[in-house]
Amino acid sequence: MVSTTIKVVASDGLTGDVVNQLTNELSKYQFKIMLKYQGTTTIATSSLGVMSLGVPSGANIELSVDGTTDQLEKVVQTLIDNQLVAKI
């Protein structure tokens, strides 16, 4: 697993439509992607799991992939392109 910390920039945090957008984008990848916030980790392609984290806008979260650094960077760039997160 490789990981990085990113900042949530979506105005409402990771809730509702934002979670659906996030999980739909991440479901396109064929490797395991995890999100961690305040000690709780969930599979990033699970809408209920991501919503259960309760991540507000401006929060830092850890993003991990079961793969390479290049795969991690592609995932981060996808989320940045969709204006969901920013690198810190």
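Enquirer: Account for the nonpolar core, naming residues and giving values.
Expert: Leu-14, Leu-35, Leu-63 and Leu-79 are the most contacted members of the largest nonpolar core, which totals 26 residues. Mapped onto this core, the elements with two or more residues apiece are strand S1 (2-8), helix H1 (16-26), strand S2 (33-37), helix H2 (47-53), strand S4 (60-65) and helix H3 (69-81). For Leu-35, the residues in contact, after removing those within four places along its chain, are Leu-14, Leu-22, Thr-40, Thr-41, Thr-42, Ala-44, Val-50, Leu-53, Ile-61, Glu-62 and Leu-63.

Enquirer: Requested: an account of the environment of Ala-86, with residues and values cited.
Expert: If you trace the backbone, Ala-86 turns up in strand S5 (residues 85-87). Sequence-distant contacts of Ala-86, that is, excluding residues within four places in its chain, are made with Ile-6, Lys-7, Val-9 and Ile-80.

Enquirer: Which residues make up the pattern of salt bridges, and what are the values?
Expert: The full count for this structure, using the stated rule, is 2 salt bridges. Between Lys-28 and Glu-25 there is a salt bridge whose closest N-O contact spans 3.4 Å. A salt bridge links Glu-73 to Lys-87, with the shortest nitrogen-to-oxygen separation between them at 3.2 Å. Placement of the pair is Glu-73 in helix H3 and Lys-87 in strand S5, with a sequence separation of 14 residues. The class for Lys-87 is exposed, based on a relative accessible area of 51%.

Enquirer: Kindly report on the pairing of S4, identifying the contributing residues and their values.
Expert: Sheet topology places S1 next to S4; 6 bridges connect them, and they run antiparallel. Counted as the bridge partner of Ile-6 is Ile-61 from S4. Bridge count for S2 against S4 is 4 bridges, and the pairing is antiparallel. Counted as the bridge partner of Leu-35 is Leu-63 from S4.

So, how was this worked out
Residues numbered from 1 in each chain as written. Predicted model: local features only at pLDDT ≥ 70, side-chain atom pairs only at ≥ 80, totals over all residues. Heavy atoms only, no water. Core = buried A, V, L, I, M, F, W, Y, C linked by side-chain atoms within 4.5 Å. Buried < 20%, exposed > 50% of the residue type's maximum accessible area, 1.4 Å probe, protein only. Helix = DSSP H or I, 4+ residues; strand = E, 2+ residues; numbered from the N terminus. Contact = heavy atoms within 4.5 Å. Salt bridge = Lys/Arg side-chain N within 4 Å of Asp/Glu carboxyl O. Pairing = 2+ DSSP bridges.

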